[in-house]
Amino acid sequence: MSVSPHTLREKGGLVVWLTGLSGAGKTTIAQAVQQSLTSFGIPAVFLDGDEVRKQMHPTLGFSKTDREENVRRIGALAKTRAEEGAVVLVAVIAPYRSTRQEVRAICRAYLEVFVDAPLQTCEERDPKGLYRRVRRGEITQFTGIDAPYEAPVEPEIHCRTASESIEESSQRVLRAIAESLR
Ligand SMILES: Nc1ncnc2c1ncn2[C@@H]1O[C@H](COP(=O)(O)OS(=O)(=O)O)[C@@H](OP(=O)(O)O)[C@H]1O
Ligand SMILES: Nc1ncnc2c1ncn2[C@@H]1O[C@H](COP(=O)(O)OP(=O)(O)O)[C@@H](O)[C@H]1O
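Just so it is clear, the model here is predicted, and its values are computed rather than measured. (Residues numbered from 1 in each chain as written. Chains lettered and ligands numbered in written order. Predicted model: local features only at pLDDT ≥ 70, side-chain atom pairs only at ≥ 80, totals over all residues. Heavy atoms only, no water.)

(A) Structural view of the site of ligand 2. Around ligand 2 lies a shell of 16 residues, among which G23, K26, T27, T28 and E164 are the nearest. With respect to ligand 2, the side chain of K26 contributes an N or O atom lying 2.8 Å from an oxygen atom. In the model, an oxygen atom of ligand 2 is placed 2.5 Å from a nitrogen or oxygen of the T27 side chain. Protein contacts shield 79% of the accessible area of ligand 2, which totals 570 Å² for the unbound molecule. Here ligand 2 occupies the largest pocket. (Near = heavy atom within 4 Å. Polar contact = N/O pair within 3.5 Å; in protein donor to acceptor, adjacent residues only side chain to side chain. Areas by Shrake-Rupley, 256 points an atom, 1.4 Å probe, with all protein chains shown as cover. 1 Å grid on protein atoms, 1.4 Å probe; cavity = no way out; pocket = protein on both sides within 12 Å on 5 of 7 lines; lining within 4 Å. Sits in = over half its atoms within 2 Å of the grid points.)

Here it is in structure tokens:
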């Protein structure tokens, strides 16, 4: 894959939004894709929901209103970073279809990746131990348990991470990015 930073800037960059339940594999795939893009010399920025929340707006919680605000703010940041001439990989749950649609509408180029794994798989993986805490009653309003997740209807890329490898999922995303930047 080859695309110059200048061309990327002229195109207005690209926002790649990975949406899915906690533990579905958003971060893992985004990091693998970022590494590959970087190895091809393509500027790639990774925005991780958890990190951005902590650094930029730690007061936002997980109510519907706060999640919508979180997603809008990260969407605006992703748009800006993309227009500087980068592929911006966003690993944020973004559980509401309408807010994802709002972000898509402000970006010049946008790909939605549905990182899809059954809740049971996510819970078995439990990479951060959050599901265990949810089951103990220590966390409420948790996506997929007692807060909604509206699955994408027509995502550009659909990764079924319970049945495909990290490599397969990342390659699928990379191919779509290459296609979009052509
Ligand atoms: N109640 C609740 N529901 C879902 N997730 C929770 C919650 N509390 C904390 N976390 C951790 O925060 C990460 C999700 O933040 P996001 O900014 O991606 O979520 S959202 O788009 O605003 O819904 C999410 O990160 P990922 O596991 O990477 O998805 C969790 O680690
Ligand atoms: N095909 C796959 N794609 C992504 N992650 C996978 C896949 N198969 C297994 N996993 C594992 O699932 C876990 C996903 O965790 P993480 O990427 O932090 O999820 P999220 O960011 O969606 O919360 C990791 O431990 C990862 O190794």
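We are not done yet, so read on.
(B) Geometry of the site of ligand 1. Neighbouring ligand 1 are 20 residues, the closest being S22, R67, N70, A94 and Q141. D50 is positioned such that a nitrogen or oxygen atom in its side chain is 3.0 Å from an oxygen atom of ligand 1. A majority-of-atoms criterion places ligand 1 in the largest pocket. Residue assignment for the shell around ligand 1 shows that the elements contributing at least two residues are α2 (26-39), α3 (49-56) and α4 (64-83). Residue composition of the shell around ligand 1, by class: eight nonpolar, seven polar and five charged. (Helix = DSSP H or I, 4+ residues; strand = E, 2+ residues; numbered from the N terminus. Nonpolar A, V, L, I, M, F, W, Y, C, P; charged D, E, K, R; others polar.)

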